[in-house]
Amino acid sequence: MLRRDKHNYYLDIAETVLERGTCMRRNYGSIIVKNDEIISTGYTGSPRGRKNCIDLKYCIREKNNIPRGTHYELCRSVHSEANAIISASRKDMIGSTLYLVGKNAKDGTLVEDANSCSMCKRLIINAGIENVVIRKTKDEYRVINVQDWIDNDDSLNAEMGY
């Protein structure tokens, strides 16, 4: 039997975390790891004490046909990356890796070309996270060096319409 590589091991855990998500469109799971220790986890869901979309039985963004990647300010949910960052100390996150997996809520397929939104990218940069590993398929992933987001600041501004 082949031993699971570390990146896929942590991505498998992030995929399990996303099962707690409450979004009706896409659920993401994130874990932050440093020195082979899981520092925190996060999934997509409404702020504590507020009703979740699955409980309300509607998604305001879906109801208004808002395309993926736009108008996140209308969404009730806090993204998985933000929830993981909120739950950790910055000193523990410096030099860490964030593992991210996204699935479509309706059919359970992996989100094609999953990536952090521009707001979460800014949080990841400020948290001191060094790399983001994103699941592409059950065994494939891509590794993003966060320094690339910093070095390509103009592309982040273009994403945001600046």
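The rules we used
Residues numbered from 1 in each chain as written. Predicted model: local features only at pLDDT ≥ 70, side-chain atom pairs only at ≥ 80, totals over all residues. Heavy atoms only, no water. UniProt positions renumbered as here; feature names shortened; annotations may be inferred. Buried < 20%, exposed > 50% of the residue type's maximum accessible area, 1.4 Å probe, protein only. Helix = DSSP H or I, 4+ residues; strand = E, 2+ residues; numbered from the N terminus. Pairing = 2+ DSSP bridges. Axes fitted to C-alpha atoms, helices over the stretch in contact; angles between N-to-C directions.

- The chain is annotated in an unreviewed UniProt entry as Cytidine deaminase of Inconstantimicrobium porci.
- Among the UniProt annotations of the chain, the heading Cofactor (unreviewed entry) holds the following wording: "Zn(2+)".

## Here's the deal with the pairing of strand β3 (residues 97-104)
For a regular strand, side-chain orientation follows a simple rule: the groups alternate between the two sheet faces.
Item 1. Most of β3 sits inside the fold, with seven of its eight residues counted as buried.
Item 2. As paired strands, strand β1 (residues 26-34) and β3 are joined by eight bridges and run antiparallel to one another. For Y28, the partnering residue across the bridge sits in β3 and is G102.
Item 3. Bridging between β3 and strand β4 (residues 131-135) involves four bridges; their strand directions are parallel. Bridge assignment links L100 to a residue of β4, and that residue is I134.

## Some remarks on the sheet that holds β4
Paired through their backbone hydrogen bonds, the strands of a sheet run either parallel or antiparallel.
Item 1. The five strands are arranged β2-β1-β3-β4-β5 in an open sheet whose pairing can be described as mixed. Here the strands that pair on one side only, and so sit at the sheet edges, are β2 (37-43) and β5 (141-145). The mean inter-strand angle of the sheet, taken between neighbouring strand axes irrespective of direction, is 20 degrees.
Item 2. Relative to β2, β1 is paired through six bridges, and the arrangement is antiparallel. Opposite I31, over in β2, you have T41 as the bridge partner.

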